[in-house]
Amino acid sequence: MSDYRPQDLDRKWQQRWAASRAFEVTEDPSRPKFYCLEMFAYPSGHAHVGHVRNYIIGDVMARTKRMRGYNVLHPFGWDAFGLPAENAAIKGGIHPEVSTRGNIAHMKGQLQRLGISYAWEREFATCDPEYYKWNQWLFIRMFERGLAYRRRSSVNWCPSCRTVLANEQVVDGGCWRCGTPVETRDLEQWFFRITAYADELLDDTVALTRWPEKVLTMQRNWIGRSEGARVTFAMEGNPSTPIEVFTTRIDTIYGATFVLLAPEHPLVSSLADASTDPASFRRQVQAFRAQDRAARMSGAVEKQGFDTGVRAINPFTDQPVPVWVANFVLGEYGTGAVMAVPAHDERDFEFARKFDLPIRVVVTPDGRPVAADALAGAAVAYGTLVDSGPYSGLPSAEAQKRMAAVARERGIGEATIQYRLKDWGISRQRYWGTPIPMIYCDKDGIVPVPDDQLPVVLPPMAQFTGRGDSPLAQVPEFVHVTCPACGGAARRETDTMDTFVDSSWYFYRFADPRNERMPFDPARVKYWLPVDFYSGGVEHAILHLIYSRFFARVFRDIGLVDHSEPFSQLLTQGMVLKDGAVMSKSKGNVVDPDTMLQQYGADALRLYVMFVAPPEKEVEWSDAGLEGSFRFLARVWRLVDRWCETVGGADVVLPDAGDSLNAAERALRRKTHETIRRVTADIEERQQLNTAVSAMMELVNDLYAFSEQTVTGGPARRPDAAAPRGGVAERRETIGVVREALEALVLTLSPFAPHTGAEMWERLGQAVTVAEAAWPAYNPSVARAEEIVVPVQVNGKVRSRLTVSAQASEQELERLALADPAVRTYTSGKTVRKVVVARGRLVSVVVQ
RNA sequence: GCGAAAGUGGCGGAACUGGCAGACGCGCCAGACUUAGGAUCUGGUACCCGAGAGGGUAUGGGGGUUCGAGUCCCUCCUUUCGCACCA
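Attention in this report is confined to the structure presented alongside it. (Residues numbered from 1 in each chain as written. Chains lettered and ligands numbered in written order. Predicted model: local features only at pLDDT ≥ 70, side-chain atom pairs only at ≥ 80, totals over all residues. Heavy atoms only, no water.)

1. A closer look at the side chain of Asn-690
Move 1: Along the chain, Asn-690 turns up in helix H21 (residues 689–710).
Move 2: In this structure Asn-690 comes out as buried when scored by relative accessible area, which is 13%.
Move 3: Contacts of Asn-690, omitting those with residues within four sequence positions, involve Met-610, Phe-611, Ala-613 and Pro-614. (Helix = DSSP H or I, 4+ residues; strand = E, 2+ residues; numbered from the N terminus. Buried < 20%, exposed > 50% of the residue type's maximum accessible area, 1.4 Å probe, protein only. Contact = heavy atoms within 4.5 Å.)

This is how it looks when you write it as C-alpha cells:
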C-alpha cells in the first residue's frame, strides 16, 4: 500500500527529466517532426494560472505527439525587452537587465515545477545580444531592400516630463506619471513596409484552414482592403492645388455636393493663411486635432466642421462645391480628403443635414428619380444611376468601371485599391529594446552598421530619469561613432526597436538557437518549420500574428526560408477568470500556481485546467474543481496500487477475438479500446482536451465496477485493511484485460499528469519510461460492440428499446420493432404509415 | 452602428455526419465502512404530475423544414468578443 503523494513524484521525475535532458531533440529525417509552440512569455515576474493554462495545453500536445512517434520540438524562451521593466527602472532604480533576469529565473522555476516538457537547452531571451544581433542584421537586410525606411511621424509627448510616451503610457489622454495632457510631436522614425505585402497577407488567409475563423476575420479587417478610385477635384480659381479624394463609390460622384478635408490635411494650413480670419480658422483646426486623442475614448464624437470659404470643382458635373474641414475625416487614411455624397453615405448625410448642405440623389433602386427631401437617411445600396449625365440608367457596378476609365483618360483619377493597414512604425524612444543599427553621417547620410560590427550592444546605463527623448541619446560613448563609409565623425541612431520585432521571428531561432553566423541555419528551419501547433492568447490575433506572417515572407524573399506561412495550426486559448474578472495583480485576484502545487501537486493542477472546459473557452477558476481532479488522480493511484503486483509481472497475450473472455471482461476490453480511440481523437484531431479527460474518467469508473464485481474485496474499499492484494481468484484472462486497461489508462493519462503517470508506469513493471513509451494502439474490432440497444420511437417518442446484435439488418430491426409489446400498445388500432430505420441507431415508427 | 461567436440542470460542461438531451466532474441527498470522518466505496440527483408503474414538459422566445431538430432555415431577444466615423 502506498499513498498518493504527488509532491514527491513531482520532485523525482522533474529531476530525472532535467538530468537526462529528456526533451532535447535533434533533426531526424527518418521520423515525422512536430513543432509544438506556445507563445513565449513576457517575464513579468510571476506566472499565474491564466498564463500557465497555455503551457499545459501545449505540453499535452507535445507529450502526446512524442508518444505517437513524432520527433517533437517544444522550446521556450522570453520576450524580455519592453516597457514595464524600463518603467520600473524609472520608478525604483533597478536596472532592467537585473529585474528581467531575476524574473526569468523565477518564472522558469515555475514552469519546471509544472513539469512542462521544454527543451530548455534551447532557451533564450530576446534581450540576449546573441539574439538581438539578428534583429539588427535583419533590419539592415530590410533597409537594403527598401523594406525599412525613415519618415516623419508623430509621437506622444509629455511637456512636463519632457519625454516621448508610448501609447500604453498615455492614460485617458494624459501622461501615466504626471497626468499632464499629452501633445503630439513629429519625429523622424523608422518604418517597415508591411503594406508591400498587404495583398499577399490578405489573400493567403484563405489557406490558413487550421486557424480560428475569428482570427482570420480580424486580420482581414485589419488589412482592410477596399477597391475604389482616386479622383481629383480642382480648386476653383487655383488650379495648382488640386484636392485628391479616395472613394469606393465613384458611381455617386454626380451627388458629391461638397468636399471634406481632414484637419491634418496638408492643404489646410495654406487655406488658413488665405482665409478671412486665419486665427479663428487655426483655432478650430487645432480643436479638432486635439479631439482625436481624448474625445475618441469618451464615446461618440459629434460631427463638426466649418467652411473654408474656398470651392472645388466636381470634375464630372463641373459645378463648384464648397470645401469644408471636418473632424471625422481621417488624415491617415486614403488621401485625407473625401468627396461628400450625402444622399448615399450616412456620415455625409448627417453632416449635410446638420449644416444645411445640398443633397442630390443620383442612385435609386429602379432608376426612377427620388427627391432629396424624401430621404429619411442615406441610401447606401447599389442601384441604377439617375441625374448623372451620360451615366444615367447604368447600374452602379457598371458605372464605377466606366467612370474610373473616363477619369483616367481625362487625367483626373483612376481606379485604385486602398488599405487600412499602415506601414509599421518600429522606432521607440526607449532604452530597453534592440538598438537600431544605423549611423548618421553629415557626409554620407544614413549608413548601416557593417555586419561585422554587429551587434550594436546596449550600453550599461546607471540612471533612468524618464526625461528627454531617447535614453540612449544621453550616453555620449554610445552616440559618437565613426562613419563606416568615410571614417569621419558620425552619430548613432538612438531609438530602439518595437518589441514586436523581437517576437516576429523567435520561432525560427528556436530551430537553431546558438547559431553565431546566421539568424538560423536554413536547413534546420526547413526541417522544423512551419510550427505545427501554435497556441496563445487571442490578444495577439492581429499584431503579433500579422507581423510574424510578414517576417516569414521577408525571410522567404531573402532566401532563408521556403514557406510563407509560419504557423500551420493556431489555437487561441481562453483566459482564466477569478471572481468573473481577468486575473491581475492590481485586482488582487491572482491564483498563484505554486500555492496549488504545494497542496495538490502539479498533475492535479494540470488535469483540472484541461478538464474544466475546452481550451478556447474562458473559464472561471474553481478551487473545488481542482480538488476534484486531485481526487481523480488519487483514485487512479489506488487502482494501480491494488493491481500492480498482480498485473506487473504477468505476461498474458489477449486473443484478438475474445472467445475465452467472459462478458464482463469483454465489456471492459471494449471500453479500453473505445477510450483509446476517444482520447486520441480528442487530443489530436479536435484539441478537445476536456472530453479526453472525461473519457479516461469513464474508464476508471468501469475499472472500479469491474474490480468490484469480479474480485473479492474490491480495489480500495479498505485501503488501510489487509485486503487481499490480487492474485487470489483472478483468471489469467482477467489479469490480461485489467492489465491492458491499466496500461492504456496510464499511457493516455500521462500527457496530462506526467509525474503520476511516470510513477504508475514504473510501478506497473515497465522498463522504459512512460515518456518514451508508445501510445496504446486502438483495435476497432475489439471496440465494436456485439450487442447494441436500439431505441424505438412511435410518432417521435421513445416507447421501447431493443437489444439486438450489432449486425442486425434493417428488415430485422423493423420486424422486431413492430413485434415489440411496448410498441404495439401504441400502434394497435392504428395504421402504420411509415417505418424509418437508422441502422444501429434507432427505429422510428409513424402511425395514424 | 457594423462584424463574429455563443445562449443546454444548482454550477463547469457533454452530445462526433439531423437519431435515446444532460456523458464526465463539482455541488447536493442517502447508504456502507468507521471511535470519528471534511477520507474512501456504493447508489441517487433536469423540471412537473403520480404512492408506484408510468405519463407529461424541457436545450433563450416565436415560426419553419423533417419520420425525427440542441444540431439545418427564418425571425426576435440576451450575452461576450472584435472593429468602432477607414469614405
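2. Some details on the pattern of salt bridges
Move 1: In total, this model carries 54 salt bridges according to the counting rule given.
Move 2: We note a salt bridge from Arg-150 to Glu-188, for which the minimum N-O separation is 3.7 Å. Residue Arg-150 is located in strand S3 (residues 148–158), and its partner Glu-188 is located in strand S7 (residues 183–192); the two are separated by 38 residues in the primary sequence.
Move 3: Judged by its relative accessible area of 25%, Arg-150 falls in the partly exposed class.
Move 4: We note a salt bridge from Glu-493 to Arg-150, for which the minimum N-O separation is 3.4 Å. Residue Glu-493 is located in the loop between strand S22 (489–492) and strand S23 (496–497), and its partner Arg-150 is located in strand S3; the two are separated by 343 residues in the primary sequence. (Salt bridge = Lys/Arg side-chain N within 4 Å of Asp/Glu carboxyl O.)

3. Remarks on the pairing of strand S19 (residues 438–441)
Move 1: Alternating residues of S19 divide into Met-438 and Tyr-440 and Ile-439 and Cys-441, and every residue in both groups is buried.
Move 2: Looking at chain direction, S19 and strand S20 (residues 445–448) are connected through four bridges and run antiparallel. What sits directly across from Ile-439, in S20, is Val-447.
Move 3: Counting the residues in the hairpin turn of S19 and S20 gives three residues. (Pairing = 2+ DSSP bridges.)

4. Regarding the protein's contact with RNA strand B
Move 1: The environment of RNA strand B is made up of 50 residues, and the closest members are Thr-248, Lys-303, Arg-347, Arg-420 and Arg-801.
Move 2: When atoms of RNA strand B within 4 Å of the protein are split into backbone and base, the sugar-phosphate part holds 66%.
Move 3: A distance of 2.4 Å is found between a base oxygen of RNA strand B and a side-chain nitrogen or oxygen belonging to Lys-303.
Move 4: Between RNA strand B and Arg-638, the relevant distance is 2.9 Å, taken from a sugar or linking oxygen to a side-chain nitrogen or oxygen of the residue.
Move 5: Looking at the surface near RNA strand B, the elements with two or more residues in it are helix H7 (213–223), strand S9 (238–247), helix H19 (623–648), H21, strand S29 (787–794), strand S30 (797–805), strand S31 (832–838) and strand S32 (842–847).
Move 6: The biggest single contributor to the surface near RNA strand B is H21, with seven residues.
Move 7: Class assignment for the residues of the surface near RNA strand B results in 22 nonpolar, eleven polar and 17 charged. (Near = heavy atom within 4 Å. Polar contact = N/O pair within 3.5 Å; in protein donor to acceptor, adjacent residues only side chain to side chain. Nonpolar A, V, L, I, M, F, W, Y, C, P; charged D, E, K, R; others polar.)

5. A few points about the sheet that holds strand S17 (residues 424–425)
Move 1: The strand order across the open sheet built from four strands is S4-S3-S7-S17, with neighbouring strands paired in antiparallel fashion. For this open sheet the edge positions go to strand S4 (163–165) and S17, each flanked by a neighbour on one side alone.
Move 2: Those strands touched by helix H5 (residues 129–144) are S3 and S7, and its axis lies near 85° from that of S7. (Axes fitted to C-alpha atoms, helices over the stretch in contact; angles between N-to-C directions.)

6. Considerations on H5
Move 1: Spanning 16 residues, H5 covers 22 Å between terminal C-alpha atoms, matching the ideal 22 Å at 1.5 Å per step.
Move 2: Most of H5 is tucked away: twelve of the 16 residues are buried.
Move 3: Of the residues flanking the end of H5, it is Gly-146, one or two places downstream, whose phi is positive at about 75°. (Expected span 1.5 Å × (residues − 1).)

7. Quick look at the packing of aromatic side chains
Move 1: Throughout the structure, instances matching the rule amount to 53 aromatic pairs.
Move 2: Taking the centre distance of 4.9 Å and the plane angle of 85° together, the rings of Phe-281 and Phe-306 count as edge-to-face. Of this pair, Phe-281 sits in helix H9 (residues 278–297) while Phe-306 sits in strand S11 (residues 305–313); the two residues are 25 residues apart in sequence, bridging distant segments of the chain.
Move 3: On the basis of relative accessibility, which here comes to 8%, the residue Phe-306 falls in the buried class. (Phe/Tyr/Trp six-rings, centres within 6.5 Å; stacked < 30°, edge-to-face > 60°.)

The analysis is restricted to geometry; functional conclusions fall outside its scope.
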